[in-house]
Amino acid sequence: MHRCVLPVHGGKVFFMAIVSPSLLSADFAHLQADCRRVLEAGAEFLHFDVMDGHFVPNISFGAPVLKSISRAVCAFYDVHLMLTDPLQYVDSFAKAGASLISFHMESNSPVGETIDAIHAAGCKAGLVLKPATPAQEVFQWLNQVELVLVMSVEPGFSGQSFLPSALSKLREIRKQADQVNPGLLLEVDGGVGRATAPACCEAGANVLVAGSAVFGAQDPAAEVAFLRGL
Ligand code: DX5
Ligand code: ZN
């Protein structure tokens, strides 16, 4: 899916986005129920944040948790590796049920080799940029990956405020992708919710990660529905 813009009467423009609720903000004691709830509300992906306590100052969950939840709940698992050496873990996350594996440009793993390993393991591949990393870093790889993820907070924690500098980065990447890979999925992650998502879609994002905005809401299903059809 490329950016899908639906102009309607009255001049209002609607965007259709894929919503990828971040399980980091789910209730781990009821993970299966939380996953089902957002999928029934129309979430197309489930975002699985893996943190090693080294690349980021936090530890989350790993392949054994993904294996259990992916067996219990059939979904597209969008796995975001915040690891110093992602290449080392590609196979274990692929075997655990990852559908897409994204890794950071700032990690220690060689980019081309890691993309190849992800594809060889049968998954889609994504590249992630921290807020301080320029858009140009991913340009040479755009035709080799299915997704680029722009971080709109410093990775490591949910519940942070959206950094508006992500918007220009989304625009730059979408403009470049239009030349070389128009089907590229462009994902934004961090502080995304009702207030910030419309600008992200306008800037070219078509996959919205939302953690606290979805699982912290009174009605997570309503948040997913809102974000899907902006
Ligand atoms: C942060 C993670 C995000 C996080 C988003 O390092 O990559 O996916 O869970 O949480 P919110 O949507 O609450 O900012
Ligand atoms: Zn994430």
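Residues numbered from 1 in each chain as written. Chains lettered and ligands numbered in written order. Predicted model: local features only at pLDDT ≥ 70, side-chain atom pairs only at ≥ 80, totals over all residues. Heavy atoms only, no water.

## Some remarks on the side chain of Thr133
Phase 1 of the analysis: Structurally, Thr133 is set in the loop between β7 (124–129) and β8 (147–151).
Phase 2 of the analysis: Of the residues examined, Thr133 reaches a relative accessible area of 12% and is grouped as buried.
Phase 3 of the analysis: Side-chain polar atoms of Thr133 contact the side chain of Glu106, separated by 2.6 Å.
Phase 4 of the analysis: Among all residues touching Thr133, those that are not within four sequence positions of it are Glu106 and Lys169. (Helix = DSSP H or I, 4+ residues; strand = E, 2+ residues; numbered from the N terminus. Buried < 20%, exposed > 50% of the residue type's maximum accessible area, 1.4 Å probe, protein only. Polar contact = N/O pair within 3.5 Å; in protein donor to acceptor, adjacent residues only side chain to side chain. Contact = heavy atoms within 4.5 Å.)

## Notes on the coordination of the zinc ion (ligand 2)
When a metal carries six donors in an octahedron, the ideal angles between them are 90 or 180 degrees, while four donors in a tetrahedron ideally lie at 109.5 degrees.
Phase 1 of the analysis: At 2.0 to 2.3 Å from the zinc ion (ligand 2) lie its protein donor atoms, namely His47 (NE2), Asp49 (OD), His80 (ND1) and Asp189 (OD).
Phase 2 of the analysis: Taken together, the six donor atoms coordinating the zinc ion (ligand 2) span angles of 69 to 171 degrees at the metal, a pattern that classifies the geometry as octahedral.
Phase 3 of the analysis: Mapped onto the sequence, the residues coordinating the zinc ion (ligand 2) show the spacing H-x1-D-x30-H-x108-D. Residue Asp49 is located in strand β4 (residues 45–51), and its partner Asp189 is located in strand β9 (residues 185–189); the two are separated by 140 residues in the primary sequence. Residues Asp49 and Asp189 agree in their burial class; the two are buried. (Donors = N, O, S within 2.8 Å, 3.2 Å for Na, K, Ca; no water. Tetrahedral: all angles 85-135°; square planar, octahedral: opposite > 155°, others 65-115°.)

## Concerning the site of ligand 1
Phase 1 of the analysis: Neighbouring ligand 1 are 20 residues, the closest being Asp49, Gly156, Asp189, Gly211 and Ser212.
Phase 2 of the analysis: In the environment of ligand 1, an oxygen atom lies 2.7 Å from a nitrogen or oxygen atom belonging to the side chain of Asp189.
Phase 3 of the analysis: Between an oxygen atom of ligand 1 and a side-chain N or O atom of Ser212, the distance comes to 2.5 Å.
Phase 4 of the analysis: Burial of ligand 1 by the surrounding chains reaches 99%, relative to a free accessible area of 380 Å². (Near = heavy atom within 4 Å. Areas by Shrake-Rupley, 256 points an atom, 1.4 Å probe, with all protein chains shown as cover.)

## With respect to the environment of Val188
Phase 1 of the analysis: On the secondary structure map, Val188 appears in strand β9.
Phase 2 of the analysis: A relative accessible area of 0% places Val188 in the buried class.
Phase 3 of the analysis: Separated by 138 residues in the primary sequence, Val188 and Val50 have C-alpha atoms spaced 16 Å apart.
Phase 4 of the analysis: Not counting residues up to four positions away in its chain, the partners in contact with Val188 are Leu149, Val150, Ser152, Phe162, Leu170, Cys200, Ala205, Val207, Leu208 and Val209.

## Digging into the packing of aromatic side chains
Centre distance and the angle of the planes are the two values used to describe a pair of aromatic rings.
Phase 1 of the analysis: Inspection of the entire model under this criterion finds three aromatic pairs.
Phase 2 of the analysis: With centroids separated by 5.5 Å and ring planes inclined at 70 degrees, the aromatic side chains of Phe28 and Phe61 adopt a geometry described as edge-to-face. Taken together, the positions of Phe28 in the loop between β3 (18–21) and α1 (31–40) and Phe61 in the loop between β4 and α2 (63–72) put the pair 33 residues apart, joining distant regions of the chain.
Phase 3 of the analysis: Assessed through its relative accessible area of 10%, Phe61 is described here as buried.
Phase 4 of the analysis: Judged by centre distance (4.1 Å) and plane angle (20 degrees), the rings of Phe45 and Phe76 are stacked. With a gap of 31 residues between them, Phe45 in strand β4 and Phe76 in strand β5 (residues 76–82) connect regions that are remote in the sequence.
Phase 5 of the analysis: Assessed through its relative accessible area of 6%, Phe45 is described here as buried.
Phase 6 of the analysis: Judged by relative accessible area, which is 23%, Phe76 ranks as partly exposed.
Phase 7 of the analysis: Here the aromatic cluster, defined as three or more aromatic residues joined through ring pairs, consists of Phe28, Phe48 and Phe61.
Phase 8 of the analysis: The ring of Phe55 has Lys130 sitting right over it, with the charged end atom 5.1 Å from the ring centre.
Phase 9 of the analysis: Lying across the ring of Phe226, Arg194 places its NZ or CZ 4.3 Å from the centre. (Phe/Tyr/Trp six-rings, centres within 6.5 Å; stacked < 30°, edge-to-face > 60°. Lys NZ or Arg CZ within 6 Å of the ring centre and 35° of its normal.)

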